[in-house]
Amino acid sequence: MDACHAVHDFPQFFLDGTWRQPTSTETFDVRSPHDGTRVGSAPVASPEDIDIAVAAARRAFDGPWPRMSVAERIAALRPFLEEYGRRTGEMAALVTAEMGSPVWFSEAAHGTGPLALMQQTVSFADSYDWWEKRGTSMVVREPAGVVGVITPWNVPQVTIAAKLFPALIAGCPVIVKPAPETPLDAMLLATMLAEADLPNGVVAVLPGRTEAGRRLVEHPDVDRIAFTGSSEVGRWIARTCADRLARFSLELGGKSAAIICEDASLERTIAGLRFSSFLNNGQACVAQTRILAPRSRYDEIATALAETTGEFSVGDPTDPQTYIGPLVSSRQRQRVEGYLELGVAEGATVAAGGPGGVDGLTNGQYVKPTVFRDVDNSMRIAREEIFGPVVVVIPYDDIDDAVRIANDSPYGLGGSVWTKDRHAGLDIARRVRTGTFGINSFAPEFGVPFGGFKSSGIGREYGPEAFDEYVEIKSVYGVPG
């Protein structure tokens with residue numbers, strides 16, 4: 001059986017350095033969003049399992065791991081990295097089977113991408129200021145404590161890697177709770193972590209539902225929470241952590257604007273938006289879903305975008321020719337379909353796609369890749385994160401108007417500008433309030449920090465700045481020379 005169709009059943013958790021039985025008999029039964037075939041199963045963590053994992057992590061934090069040198073911790077993690085490198089293809093195929101990401105995207109974003117991110121995190125550790133001398137004092141960056149990691153289903157491996165590796169290198173034990181929709185890739189990750197022979201309790205991987213996540217966030221022995229997901233849940237985490245003064249970082253939603261300038265190359269812009277607006281079936285927090293077009297070129301741009309969207313190959317995500325696969329679940333499909341119907345009700349014009357499902361794909365969780373034109377930025381389809389292959393084209397009068405519209409959003413995660421004048425593009429980039437921004441492209445790079453303004457979150461991932469989230473700063477006075 002090939003990797004794309006292998007069944008992955010995991011009966012136990014990786015916890016306290018070993019595989020152990022869950023306290024509950026409940027399991028996740030994962031089925032393909034393409035055709036409903038069985039992909040595998042994983043145990044469902046209970047709050048009691050979380051308690052066991054936290055206790056083990058607390059023992060690990062009181063043990064040798066935080067007191068090892070950074071070089072020693074990296075050496076202990078290398079067997080895991082080597083194993084991950086051997087199995088990136090298997091990991092990518094499993095994520096495609098779990099959540100429908102097309103194989104062309106999975107191979108990079110769900111396999112080799114997480115590996116590259118972890119390798120780059122290792123490379124930044126040597127130059128990070130773990131300690132520095134200031135006169136007769138020393139500033140020391142020490143491990144922050146036990147870390148709870150809660151991740152989403154859309155890019156499950158990248159979002160785990162972005163938290164797990166800087167936390168481990170910093171000396172923090174980590175408990176990972178992946179999303180209920182994608183527990184299997186996290187369990188495959190756990191099998192690789194088991195190869196590293198890390199001290200007991202340093203890593204635990206426990207798929208679970210809301211109850212497990214709530215217990216992890218509320219647990220008094222968890223020092224820091226690192227979360228990627230919805231802004232609504234992020235606000236609850238912030239409130240809960242604030243009540244007990246626990247640290248937290250939040251990577252949340254987005255509604256990114258792509259500003260197309262008067263001088264932009266139509267061919268290059270549409271080719272770029274084909275990727276940055278529809279990557280991962282549109283299930284990406286950084287997707288450029290608000291297309292801001294000058295009125296003088298509005299019809300030209302809206303028509304070209306609709307034409308290229310209409311050409312997308314939609315279907316089996318394991319087929320290399322497929323550009324758009326299914327959404328992750330029936331719940332997500334119904335949510336996106338609701339926004340397609342809402343767009344029509346709000347008065348937007350369907351330029352491509354629209355409500356009604358995809359012909360011939362009635363057994364899977366498919367929606368039509370959709371372009372709405374005649375959209376005002378006050379419409380809900382322009383303000384709320386749809387999280388599907390849906391974009392809106394909004395007209396603007398001049399660059400000041402475009403910047404105003406781009407900033408008129410509760411979110412501030414990503415954005416882009418498309419122009420032949422890169423200096424003008426840089427000026428626009430400095431005016432748009434987002435944590436990441438692209439000039440004539442949009443593709444986050446692992447070497448620079450990633451995160452958002454406003455309702456898009458608090459804190460940063462990637463780059464050496466990622467370590468900042470997992471350390472506490474201590475000042476030591478009277479240090480001998």
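Worth saying up front: this structure is predicted, and the values here are computed from it rather than measured. Starting afresh in each chain, residues are numbered from 1 along the sequence in its written order. Side-chain atom pairs in this predicted model are given and counted only at pLDDT of 80 or more, local residue features only at pLDDT of at least 70, and totals for whole chains, interfaces and linings cover all residues. To obtain the side-chain values, all non-hydrogen atoms of the structure were used and water was disregarded.

What about the sheet that holds strand β7 (residues 137-143)?
Pairing between two strands requires that DSSP report at least two bridges joining them. Put simply, DSSP marks the helices as runs of H or I at least four residues long and the strands as runs of E at least two long, and each gets a number from the N terminus on. Spatially, the three strands line up as an open sheet ordered β6-β7-β23, and their pairing is antiparallel. Two strands bound the open sheet, and with one partner strand each, they are β6 (131-134) and β23 (471-476). For this sheet the average axis-to-axis angle between neighbouring strands, irrespective of direction, equals 20 degrees. As defined by bridge partners, β7 adjoins β23 across six bridges and the pair is classed as antiparallel. Residue pairing for β23: E142 is matched across the bridge by E472. Only C-alpha atoms enter the line fits that serve as axes; for helices the fit covers just the stretch in contact. Angles between N-to-C directions range over 0 to 180 degrees.

Section: the sheet that holds strand β1 (residues 8-9)
One open sheet accounts for three strands, arranged β1-β5-β4; its pairing is mixed. The open sheet is flanked by β1 and β4 (27-31), the only strands paired with a single partner. Note: β1 against strand β5 (residues 38-43), two bridges, orientation parallel. Bridged to D9 within β5 is S41. The strands touched by helix α3 (residues 88-99) within the sheet are β1, β4 and β5, with β5 carrying the most contacts at an inclination of about 100 degrees. Residues are treated as being in contact if the distance between any of their heavy atoms lies within 4.5 Å.

Looking at the state of the cysteines
Counting rule for disulfides: a pair of cysteine sulfur atoms within 2.5 Å. Evaluated as defined, the whole model comprises zero disulfides. With no disulfide of its own, C172 has C241 as its nearest cysteine by sulfur position, at a separation of 14 Å. We call a residue buried when its accessible area falls under 20% of the maximum for its residue type, exposed when it is over 50%, and partly exposed in between, using a 1.4 Å probe and counting protein chains only. Under the relative-accessibility criterion, C241 is labelled buried at 0%.

Observations regarding the pattern of salt bridges
The term salt bridge refers to a side-chain nitrogen of Lys or Arg lying within 4 Å of a carboxyl oxygen of Asp or Glu. A full pass over the atoms with the stated rule returns 24 salt bridges. In this structure, D51 and R215 form a salt bridge, with 2.6 Å as the shortest nitrogen-oxygen distance. With D51 in helix α1 (residues 47-61) and R215 in helix α7 (residues 210-218), this residue pair connects regions lying 164 residues apart in the sequence. Taken together, the salt bridges that share partners define one network made up of D9, D29, R31 and R38.

So, the UniProt feature "active site" (unreviewed entry) in the protein
UniProt positions are given in the numbering used here, feature names are shortened, and annotations may be inferred rather than shown by experiment. UniProt's entry tags E251 with the feature "active site" (unreviewed entry), counted in the numbering of this structure. Mapped onto the secondary structure, E251 falls in strand β12 (residues 247-251). On the basis of relative accessible area, E251 is assigned to the buried category, the value being 6%. Contact partners of E251, with chain neighbours within four places excluded, come to F227, T228, G229, C285, L413, F450, S456 and E461.

Describing the UniProt feature "domain: Aldehyde dehydrogenase" (unreviewed entry) in the protein
The feature "domain: Aldehyde dehydrogenase" (unreviewed entry), as given by UniProt, occupies residues 19-476 in the numbering adopted here. Summarising residues 19-476: 39% helix, 20% strand, and an end-to-end C-alpha distance of 41 Å.

Considering helix α14 (residues 422-431)
All buried positions along α14 are accounted for by G425, I428 and A429. All buried residues of α14 project into a common sector of 105 degrees when viewed along the axis, lining one side. For α14, the exposed residues set more than 90 degrees away from the buried face come down to H423 and R430. Counting of polar contacts relies on pairs of N or O atoms within 3.5 Å, with two restrictions inside protein: one atom must be capable of donating a hydrogen and the other of accepting it, and residues adjacent in sequence are counted only when both atoms are side-chain atoms. Sitting at the head of α14, D421 places a side-chain oxygen 3.1 Å from the backbone nitrogen of H423. This arc describes the spread of directions from the helix axis toward the C-beta atoms.

Topic: the side chain of S231
Secondary-structure assignment places S231 in helix α8 (residues 231-243). The buried category is assigned to S231, whose relative accessible area is 7%. What S231 contacts, discounting residues up to four positions off in sequence, is L252, G253, Y411 and S455.

A few points about the environment of S101
Relative to the helices and strands, S101 resides in the loop between α3 and α4 (103-125). When the C-alpha positions of S101 and P326 are compared, they lie 7.4 Å apart, and in sequence the two are 225 residues distant. For S101, the residues in contact, after removing those within four places along its chain, are T96, S106, H110, N280, N281 and P317. Of the polar contacts made by the side chain of S101, one reaches the side chain of N280; its length is 2.8 Å.

Details of the nonpolar core
Put simply, a nonpolar core is a bunch of buried Ala, Val, Leu, Ile, Met, Phe, Trp, Tyr and Cys residues held in one set by side-chain atoms that sit within 4.5 Å of each other. Counting 73 residues, the largest nonpolar core has F80, W130, L164 and I169 as its most contacted members. For this core, the leading source of residues is helix α5 (residues 156-170), giving 10 residues. Excluding anything up to four places from it in sequence, L164 contacts V174, V176, L189, L193 and V203. One finds M379, I386, V390 and V417 within the second-largest nonpolar core, a separate group that totals 28 residues.

Re the packing of aromatic side chains
Geometry of aromatic contacts follows a simple scheme: Phe, Tyr and Trp rings, the Trp one being its six-membered ring, pair when their centres are within 6.5 Å, and the pair is stacked under 30 degrees between planes, edge-to-face over 60, tilted otherwise. Across all of its chains, the model carries 14 aromatic pairs by this definition. Plain terms: the ring middles of W153 and F387 are 5.5 Å apart, the flat faces sit at 80 degrees to each other, and that makes the pair edge-to-face. Residue W153 is found in the loop between β8 (147-150) and α5, and its partner F387 is found in the loop between α12 (380-383) and β17 (390-396); the two are separated by 234 residues along the sequence. Like F387, W153 is buried. Ring geometry for F450 and Y462: centres 5.2 Å apart, planes at 20 degrees, overall stacked. Of the two residues, F450 is situated in the loop between β20 (438-439) and β21 (453-454) and Y462 in the loop between β22 (457-458) and β23; the sequence distance between them amounts to 12 residues. Taken together, the aromatic side chains of W104, F105, F275, F278, F312 and Y323 make up a single cluster linked through ring pairs. The criterion for a charge sitting over a ring is simple: Lys NZ or Arg CZ within 6 Å of the ring centre, and within 35 degrees of the ring normal. Over the ring of Y470 we find R224, and its NZ or CZ is 5.8 Å from the ring centre. We note R274 situated over the ring of Y323; from NZ or CZ to the ring centre the distance is 4.3 Å.

Quick word on the packing of α5 against helix α6 (residues 183-194)
For any two helices packed against each other, the geometry is given by the interaxial angle and the distance between the axes. One way to put it is that α5 packs onto α6 with a least axis distance of 10 Å and a crossing angle of 45 degrees. Viewed along their axes, α5 and α6 adopt a mutual orientation that is oblique. Our pair here, α5 against α6, has a crossing hand that is right-handed. In this structure, α5 contributes P156, Q157, I160 and L164 to the contact, and α6 contributes D185, A186, L189 and L193. When the residues that make up the contact of α5 with α6 are grouped by side-chain class, the tally is six nonpolar, one polar and one charged. Each angle receives one of four descriptions, namely roughly parallel if under 35 degrees, roughly antiparallel if over 145, roughly perpendicular if within 65 to 115, and oblique otherwise. Crossing handedness is read from the near helix: turned anticlockwise from the far helix by less than a right angle, it gives a left-handed crossing, and turned clockwise, a right-handed one. The residue classification treats Ala, Val, Leu, Ile, Met, Phe, Trp, Tyr, Cys and Pro as nonpolar and Asp, Glu, Lys and Arg as charged. All others, Gly included, are polar.

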